[in-house]
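Structure at a glance
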Amino acid sequence: MKKNKIIIIIDYGLGNLNSVVRALVATGAIPRISSDLQELAAAEKLILPGVGAFEEGMKGLKKRNLIKLIKEHVQKGKYLMGLCLGMQLLFQESEEFGLHKGLSLINGKVKKLELKDKSYKIPHVGWNQLIRPKGQNWKDTILKNVKNKEMAYFVHSYAPFPKNKEFILAQTEYGGEIFCSVVAHKNVMGTQFHPEKSADVGQRILKNFLKLP
Amino acid sequence: MKSVRIIPKLEVKGENLIKGIHLEGLRIVGKPEAAAWRYYQDGADELIYIDLVASLYQRDFFLNIVERTAQRVFIPMTVGGGIRTLADVKMALRSGADKIAINTQAIKNPKIISDVANTFGSQCMVVSMEVQRKTDGSYECYTDSGRTPTGLNPLTWAKQAVKLGAGEILLTSINQDGTLNGFDLNLIKLVTTNVPIPVIASGGAGKKEHFRQAIVIGYADALCASSIFHFKKAKIFEVKKYLQQQGIKIRI
């Protein structure tokens, strides 16, 4: 059914959305970029992308009256996936350039990567492993056909730390710091890495999101 | 352990993929999009596209190649070659670039580095340095595809670039470029051990062992190469497998 393939990418003024569009097209999805409240309210699946600073991201959402819309979308049980900054915005607050409130869809804070090994550089740029935490099962999730420790592409200095450990679908280690790289709580999920830049594993994850019932 | 990235560089003139030695003398080695696709399939971690024509009139042609590549190749792409203004950067990003590499204009007008970093984010701003090793062993930065000396020491300039907001440094050895004789390990180590941002080392890779040296001796965060791949001396996958066997964390 054509309707099932439509994924709307929220345009809130941040980042180059074309790469997300291109990657989604390749999965067979029908992606649309939109900031139109009616179009977004009618969407079954929303993607919250984003590159840039947390405060700016929240400002962009506020300016376009998108915060209430996103919360209602989630309340209705519809799917929302945050990518990179978009994943960080799902949380309660972030320490980036001051303390700023997020969407509070998932409990926890976004903090700067605290590296124990100072030979590692900030930002965290490059490919790194997605590790399945003990007791976590990837079956029926967006990681269902991802192998443990497959690598994805990261570019970030801050990372989310969910309060509920069971929402940590995957974690990643960098310079001695272990952070949440994939979060999932019912119909809300997010990846700290860029699936649209993570080659085949990224394509699989986006396709899994597309295929969610 | 930090993972290392392998990044093929594709220099484009018109519709052709080109390779030079010491940044000049151009040899046609194929078609850019076909090579990009092949390298992506072979496991390239990122791609660098350089526009060798770099003139206002031919820019569209080059950006069309970038755009078509972006439709199928889902790894980060860095685009460079004659980028001068924020408008140039915006166009390149819209065509599918994730990062922009600037050399000449960054030295002529260093403010462009902070302008790009502030507008698009530091992660987007790769400062490209082309460095000549002099007979006395000292180093000097060059602009205009290795033609114009600047009197700048690469370490001094690299530190300045970091202050201005550079996200990464693309460090090319003019002496080693195209020779397949190995990287300039001293140059790489000089910069990587003295700047807090990732350094992509370029110039001279001719065999798998060269990559290992650049990582273990030079501390490079990423390796950029063209001749070895364009002239099929080694495949990307072979290089990565070898590095993994040497105990280096790398995406296979």
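Here, every reference points to the structure presented above.
Not measured: the values here are computed from a predicted model.

Thresholds applied
- Residues numbered from 1 in each chain as written.
- Chains lettered and ligands numbered in written order.
- Predicted model: local features only at pLDDT ≥ 70, side-chain atom pairs only at ≥ 80, totals over all residues.
- Heavy atoms only, no water.
- Axes fitted to C-alpha atoms, helices over the stretch in contact; angles between N-to-C directions.
- Helix = DSSP H or I, 4+ residues; strand = E, 2+ residues; numbered from the N terminus.
- Parallel < 35°, antiparallel > 145°, perpendicular 65-115°, else oblique.
- Contact = heavy atoms within 4.5 Å.
- Nonpolar A, V, L, I, M, F, W, Y, C, P; charged D, E, K, R; others polar.
- Buried area = accessible area lost by both parts, 1.4 Å probe.
- Salt bridge = Lys/Arg side-chain N within 4 Å of Asp/Glu carboxyl O.
- Polar contact = N/O pair within 3.5 Å; in protein donor to acceptor, adjacent residues only side chain to side chain.
- Buried < 20%, exposed > 50% of the residue type's maximum accessible area, 1.4 Å probe, protein only.
- Pairing = 2+ DSSP bridges.
- Arc of directions from axis to C-beta.
- Phe/Tyr/Trp six-rings, centres within 6.5 Å; stacked < 30°, edge-to-face > 60°.

All names here are of chain A. Interaxial distance between helix 3 (residues 54–63) and helix 4 (residues 66–75) falls to 6 Å at its minimum, and their mutual angle equals 90 degrees. When the axis of helix 3 is compared with that of helix 4, the two are roughly perpendicular. Along its contact with helix 3, which presents Met58, Leu61 and Lys62, the element helix 4 presents Leu66, Ile67 and Ile70. Of the residues contributing to the contact of helix 3 with helix 4, the split by class is 5 nonpolar, no polar and 1 charged.

As a further point, take the interface of chain B and chain A. Each partner contributes residues to the interface: chain B has 32 residues there, and chain A has 27 residues. Between chain B and chain A, roughly 2,200 Å² of surface is buried when both sides are summed, and carbon and sulfur atoms account for 54% of that area. Together, B:Lys2, B:Phe74 and B:Arg251 form the three largest contributors to the area buried by chain B at its contact with chain A, with a combined 30%. Across the pair A:Lys197 and B:Asp98 runs a salt bridge whose closest N-O atoms are separated by 2.8 Å. At the surface where chain B touches chain A, the tally comes to 13 residue pairs in polar contact (both at pLDDT 80 or more). Its residues assigned to classes, the side of chain B that touches chain A comprises 14 nonpolar, 6 polar and 12 charged.

Bringing the pairing of strand 10 (residues 158–162) of chain A into the picture now. Residue and element names in this part refer to chain A. With 4 of 5 residues buried, strand 10 is to be regarded as a mostly interior element. Pairing of strand 7 (residues 108–112) with strand 10, which is carried by 5 bridges, proceeds in the antiparallel orientation. Looking at the pairing, Val110 lines up with Pro160 of strand 10.

Right, let's get into the pattern of salt bridges. All names here are of chain B. Enumeration according to the criterion identifies 24 salt bridges over all chains in this entry. Here Lys19 ties to Asp177 by a salt bridge, and the two come within 3.3 Å at their closest N and O atoms. Of this pair, Lys19 sits in strand 2 (residues 16–21) while Asp177 sits in the loop between strand 10 (168–173) and helix 7 (185–192), and the two are 158 residues apart along the sequence. Among the residues examined, Lys19 registers a relative accessible area of 3% and is labelled buried. Across the pair Lys240 and Asp45 runs a salt bridge whose closest N-O atoms are separated by 2.7 Å. Linking Lys240 in helix 10 (residues 236–245) with Asp45 in the loop between helix 1 (32–41) and strand 4 (47–51), this pair joins segments that are 195 residues apart in sequence.

All names here are of chain B. Among the residues of helix 8 (residues 208–216), those classed as buried are His210, Phe211, Ala214 and Ile215. Along the axis of helix 8, the buried residues cluster in a sector spanning 135 degrees; they form a single face. For helix 8, the elements touching its buried residues are strand 1 (5–13), helix 7, strand 12 (222–225), helix 9 (227–230) and helix 10.

Glancing now at the side chain of B:Asn16. Residue and element names in this part refer to chain B. Along the polypeptide, Asn16 turns up in strand 2. In terms of polar contacts, Asn16 uses its side chain to reach the side chain of Lys31, at 3.0 Å. Those residues in contact with Asn16 that lie beyond four places of it in its chain are Glu11, Ile28, Gly30, Lys31 and Pro32.

Let's shift gears to the sheet that holds strand 11 (residues 168–174) of chain A. Residues and elements named next belong to chain A. Taken in spatial order, the 7 strands line up as 2-1-3-4-13-12-11 in an open sheet, and their pairing is mixed. Taken across any chain shown, the strands that pair with only one partner, and hence form the sheet edges, are strand 2 (30–34) and strand 11. Averaged over all pairs of adjacent strands, the angle between their axes in this sheet comes to 25 degrees, without regard to strand direction. Bridge count between strand 1 (residues 6–10) and strand 2: 5 bridges; the pairing is parallel. Counted as the bridge partner of Ile8 is Arg32 from strand 2.

So, about the packing of aromatic side chains. Residues and elements named next belong to chain B. Enumeration over the complete set of coordinates arrives at 9 aromatic pairs over all chains. Judged by centre distance (5.8 Å) and plane angle (50 degrees), the rings of Trp37 and Tyr40 are tilted. Of this pair, Trp37 and Tyr40 both sit in helix 1, separated by 3 residues, roughly a single helical turn. Classification of Trp37 as partly exposed rests on a relative accessible area of 29%. Both rings, one in Tyr39 and one in Phe229, keep their centres 6.0 Å apart while their planes meet at 55 degrees; by these two values the pair is tilted.

Quick look at unusual backbone geometry now. Note the cis peptide between A:Ile122 and A:Pro123, where omega equals 5 degrees. With respect to the secondary-structure elements, A:Pro123 resides in the loop between strand 7 and strand 8 (124–129). If you check the backbone angles, B:Tyr219 has positive phi at about 60 degrees while not being a glycine. For B:Tyr219, the position within the fold is in the loop between helix 8 and strand 12. Here B:Lys232, not a glycine, exhibits a phi torsion of approximately 55 degrees, which is positive.

All names here are of chain B. With respect to the helices and strands, Pro154 occurs in helix 6 (residues 154–164). The exposure class assigned to Pro154 is buried, which follows from its relative accessible area of 0%. Taking the C-alpha atoms as reference points, Pro154 and Glu24, separated by 130 residues in sequence, lie 21 Å from one another.

So, on to the packing of helix 1 (residues 18–27) of chain A against helix 6 (residues 199–211) of chain A. All names here are of chain A. Interaxial distance between helix 1 and helix 6 falls to 9 Å at its minimum, and their mutual angle equals 70 degrees. Looking at the two axes, helix 1 sits roughly perpendicular to helix 6. For the pair helix 1 and helix 6, contact is made by Ala23, Leu24, Ala26 and Thr27 and by Gln203, Leu206, Lys207 and Leu210, respectively. For the contact of helix 1 with helix 6, the per-class residue count stands at 5 nonpolar, 2 polar and 1 charged.

A few words on the environment of A:Met87. All names here are of chain A. Tracing the chain through its elements places Met87 in helix 5 (residues 85–89). When the C-alpha positions of Met87 and Leu40 are compared, they lie 18 Å apart, and in sequence the two are 47 residues distant. In contact with Met87, not counting residues within four places along its chain, are Gly82, Pro160, Cys180, Ser181, Val182, Val183, Gly190, Thr191 and Gln192.

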